[in-house]
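Topology and contacts: notes
Chain by chain, the residues:
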Amino acid sequence: MDLLQLIQQMKQLHDQEAVNYAYSYGVELSITEVQQLRPLLDEISIAWLFTGIPQNFIEKVASVIGYEKTMLYLEQHKLQ
């Protein structure tokens, strides 16, 4: 998955388009989840490719989409 492309597209697409785009990468999100996740996208750092995703950011995502779903996607996309 081109993670940077996914992040950029999620920031620019309309809600339903973002849902469909994420789904094309195997990530199932509702419109509400997309709306709640958008502000978090600005917190993402390219440095995380080397340092890993901070636990507090993972917790923020989990508070929106749930812990199990968060861990599933992190594992599926080899981000954790």
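Overview of the structure. Note that the coordinates shown come from a computational prediction; the quantities given were computed from them, not determined experimentally. For every chain, the first residue of the written sequence is number 1, and numbering continues from 1 along that sequence. Confidence filtering applies because this is a predicted model: local features only for residues at pLDDT of at least 70, side-chain atom pairs given and counted only at 80 or more, and all residues used for totals across whole chains, interfaces and linings. Side-chain measures were taken over the full set of non-hydrogen atoms in the model, leaving aside hydrogen atoms and water.

With that settled, the discussion passes to the packing of helix H3 (residues 31–41) against helix H5 (residues 55–65). Angles run from 0 to 180 degrees between N-to-C directions of axes, and those axes are lines fitted to C-alpha atoms, restricted for helices to the stretch in contact. Numbering of helices and strands runs from the N terminus; a helix is a DSSP stretch of H or I covering at least four residues, while a strand is a stretch of E covering at least two. Where H3 meets H5, the axes come as close as 9 Å, and the angle between the chain directions of the two elements is 165 degrees. One way to sum up the angle between H3 and H5 is to call them roughly antiparallel. Crossing hand, H3 versus H5: right-handed. Where H3 approaches H5, its residues Glu33, Gln36, Leu37 and Leu40 are matched on the opposing element by Phe57, Lys60, Val61, Val64 and Ile65. In this scheme, roughly parallel covers angles under 35 degrees and roughly antiparallel covers those over 145, while 65 to 115 is roughly perpendicular and the rest are oblique. It is the rotation of the near helix from the far one that decides the hand of a crossing: anticlockwise by less than a right angle makes it left-handed, clockwise makes it right-handed. What makes two residues a contact is simply this: any of their non-hydrogen atoms within 4.5 Å.

Here the focus is the pattern of salt bridges. We define a salt bridge as a contact between a side-chain nitrogen of Lys or Arg and a carboxyl oxygen of Asp or Glu at a distance within 4 Å. Inspection of every chain in the model, using the stated rule, returns four salt bridges. For Lys11, the salt bridge is made with Asp42, and the minimal N-O distance between the two is 3.0 Å. Here Lys11, found in helix H1 (residues 3–12), pairs with Asp42, found in the loop between H3 and helix H4 (48–51); they are 31 residues apart in sequence, far enough to count as distant. Residue Asp15 is joined to Arg38 by a salt bridge in which the shortest nitrogen-to-oxygen separation is 2.6 Å. Of this pair, Asp15 sits in helix H2 (residues 15–24) while Arg38 sits in helix H3, and the two are 23 residues apart along the sequence. By relative accessible area, which is 22% here, Asp15 ends up partly exposed. Only protein chains enter the accessibility calculation, which uses a 1.4 Å probe. A residue is then buried if its area is under 20% of the maximum for its type, exposed if over 50%, and partly exposed in between.

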